[in-house]
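Structure assessment
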Amino acid sequence: MIVPQDRKTEHKLYYNASQNSATNRSKFYGHIEGMKSLVHFQGAQFNFGGMILEKMDRALTDWKNNQTGSLEAIEESINHAAAFLICEEKLNRKALRALCWVPVTCFTKDTVSIAANCWEWTVSKRPEFETHLLMENIAAWKWTVNHRVGLFSPTVPCKRPVVTDSDLQELSSLAPNCEPHRIWIRFLTQRFEVIKHQSAKQVELFTSLFHTTLPLTSHNTSILSNHVSAIGPRFEFLHLGLLLLQNDIISNELNQSILRERLYTAILDYFCVATQWPCYTTNECLTDVGVLNKFWDTLFHDKKYLKSILVPTTISPDSALIPLL
């Protein structure tokens, strides 16, 4: 089969990125192994892990405060922390927590992207750490929910229904920083596809993630941002929730019903605001349109699950339970 030129380019970029990732991982792993060997050879007594984690925290703090930090220093320090975690014979919970809570320390697209790559690296090399990593990951996610960060930022409404090109900069300043959550959601989606039929414990963790994130009823202030720039990450997250329901891996029917209600509340809540004007590029709009198309396909298939749900009718006291659809 002849691959179209754009697909050829995409495959080439993916291949090059995979090669670079593997090379970098080997390099950072070698750094840590070499330093540990040197410390052991010299018989030095100091907290090697603490030094690695302190270096990472300092690099993230400097970057967050726009001081003298650099993205290269952040990438090196986070990868060193991941390599240290992988090298340890037993699970180092302090290192695991520091690695999973990178988005809490510095919530930017670049830092979350680097951290997500390190999470993938960790679970591929040490699969026995996967459940612990997911637990810490979800704990960090709940922190962003409670502190209204990124996708969970309060929506600032635009007072003007019609805008010009000169107004786009002002609108962009009102948009929440959702790209870190988009990267995070894609990591969670990837992990779910791997473990959905392998680990009941991790399925429970994913279920608890949605129960603690999404409310049962819609309030005056939505938990998920209703800003138009949040539509992509929002519906990628809700798409993951639908996948969780439709894979028939939640055994408790009441749990399924409550989770479905939470998801549909969050879906419909997005349309409870006034029309908004997109304030990002055409390519970003097309990406979000692709997300919505994928979400709609999955939502349409939810019809067959809804047909099996029975609800009481109010037409007649003597009526039996009838299908919802």
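As the structure is a computational prediction, the values presented were derived from the model and not from experiment.

A closer look at the overall build of the chain
Helix and strand content of the chain: 14 helices and two strands. Put simply, 74% of the contacts in the chain that link residues at least 6 apart link residues at least 24 apart. Surface accessibility of the chain: about 18500 Å² in total, with carbon and sulfur atoms responsible for 56%.

Some thoughts on the pattern of salt bridges
Scanning the entire structure with this criterion turns up twelve salt bridges. For Arg58, the salt bridge is made with Glu54, and the minimal N-O distance between the two is 3.9 Å. Of the two residues, Arg58 and Glu54 both sit in helix H2 (residues 48-64), four residues apart, roughly one turn of that helix. Overall, the relative accessible area of 44% leaves Arg58 in the partly exposed class. Linked through salt bridges whose partners overlap, the residues forming this network are Glu179, Arg182, Arg186, Glu236 and Asp288.

Some points on unusual backbone geometry
Peptide bonds are, in most cases, trans, and in most cases residues other than glycine have a negative phi. Located in the positive-phi region is Arg148, a residue other than glycine, with phi close to 50°. Along the chain, Arg148 falls in the loop between helix H7 (130-146) and helix H8 (168-174). Here Arg148 falls in the partly exposed class, since its relative accessible area comes to 27%. A positive phi angle, near 55°, is found at Asp248, a position not held by glycine. For Asp248, the position within the fold is in the loop between helix H11 (231-246) and helix H12 (253-269). Residue class for Asp248 comes out exposed when judged on its relative accessible area of 58%.

Details of the packing of helix H4 (residues 93-100) against H7
Where H4 meets H7, the closest approach of the two axes is 9 Å, and the angle between their N-to-C directions is 45°. Comparing the axis directions of H4 and H7 gives the class oblique. Considering the relative orientation of H4 and H7, their crossing is right-handed. Here Arg93, Leu96, Arg97 and Cys100 of H4 come into contact with H7, specifically with His132, Leu133, Glu136, Asn137 and Ala140. Its residues assigned to classes, the contact of H4 with H7 comprises four nonpolar, two polar and three charged.

Let's talk about the environment of Cys100
With respect to the helices and strands, the residue Cys100 is situated in helix H4. Between the C-alpha atom of Cys100 and that of Ala82, which follows or precedes it by 18 residues, the distance is 9.9 Å. If we skip the residues at most four places from it in the chain, Cys100 touches Trp119, Leu133, Glu136, Asn137 and Ala140.

Quick look at helix H9 (residues 179-195)
Between its first and last C-alpha atoms H9 spans 25 Å; for 17 residues at 1.5 Å apiece the expected length is 24 Å, and the two agree. Within the sequence span of H9, burial applies to Pro180, His181, Arg182, Ile183, Trp184, Ile185, Phe187, Leu188, Arg191, Phe192 and Ile195. Against helix H5 (102-105), helix H6 (109-125), H7, helix H10 (200-213), H11 and helix H13 (282-301) lie the buried residues of H9.

Some thoughts on the environment of Leu205
When you line up the elements, Leu205 lands in helix H10. With 74 residues separating them along the chain, Leu205 and Thr131 place their C-alpha atoms 8.8 Å apart. Setting aside anything within four residues of it in sequence, one finds Leu205 in contact with Thr131, Leu134, Met135 and Ile138.

What to know about the confidence of the model for the chain
Counting all residues, the mean pLDDT for the chain is 80, and 74% of those residues have values of 70 or more. Ignoring residues within four places in sequence, the model shows residues 1-16, a span with pLDDT below 50, making three contacts including any to other chains.

Quick notes on the packing of aromatic side chains
Counted under the stated rule, the structure contains eleven aromatic pairs. The interplanar angle of 15° and the centroid separation of 4.5 Å between the aromatic rings of Phe210 and Phe237 together place this pair among those described as stacked. Here the residue Phe210 occupies a position in helix H10, and Phe237 occupies one in helix H11, the gap between them amounting to 27 residues. Using a relative accessible area of 0% as the deciding quantity, one classes Phe210 as buried. When its relative accessible area of 0% is taken as the criterion, Phe237 is described as buried.

Digging into the side chain of Ser225
The topology assignment puts Ser225 in the loop between H10 and H11. In this structure the side chain of Ser225 is engaged in a polar contact, spanning 3.2 Å, whose partner is the backbone nitrogen of His227. What Ser225 contacts, discounting residues up to four positions off in sequence, is Leu151, Phe152, Ser153, Thr155, Pro176, Ala230 and Arg234.

About the cut-offs
- Residues numbered from 1 in each chain as written.
- Predicted model: local features only at pLDDT ≥ 70, side-chain atom pairs only at ≥ 80, totals over all residues.
- Heavy atoms only, no water.
- Helix = DSSP H or I, 4+ residues; strand = E, 2+ residues; numbered from the N terminus.
- Contact = heavy atoms within 4.5 Å.
- Areas by Shrake-Rupley, 256 points an atom, 1.4 Å probe, with all protein chains shown as cover.
- Salt bridge = Lys/Arg side-chain N within 4 Å of Asp/Glu carboxyl O.
- Buried < 20%, exposed > 50% of the residue type's maximum accessible area, 1.4 Å probe, protein only.
- Axes fitted to C-alpha atoms, helices over the stretch in contact; angles between N-to-C directions.
- Parallel < 35°, antiparallel > 145°, perpendicular 65-115°, else oblique.
- Left-handed = near helix turned anticlockwise from the far one by under 90°.
- Nonpolar A, V, L, I, M, F, W, Y, C, P; charged D, E, K, R; others polar.
- Expected span 1.5 Å × (residues − 1).
- pLDDT = per-residue confidence, 0-100.
- Phe/Tyr/Trp six-rings, centres within 6.5 Å; stacked < 30°, edge-to-face > 60°.
- Polar contact = N/O pair within 3.5 Å; in protein donor to acceptor, adjacent residues only side chain to side chain.

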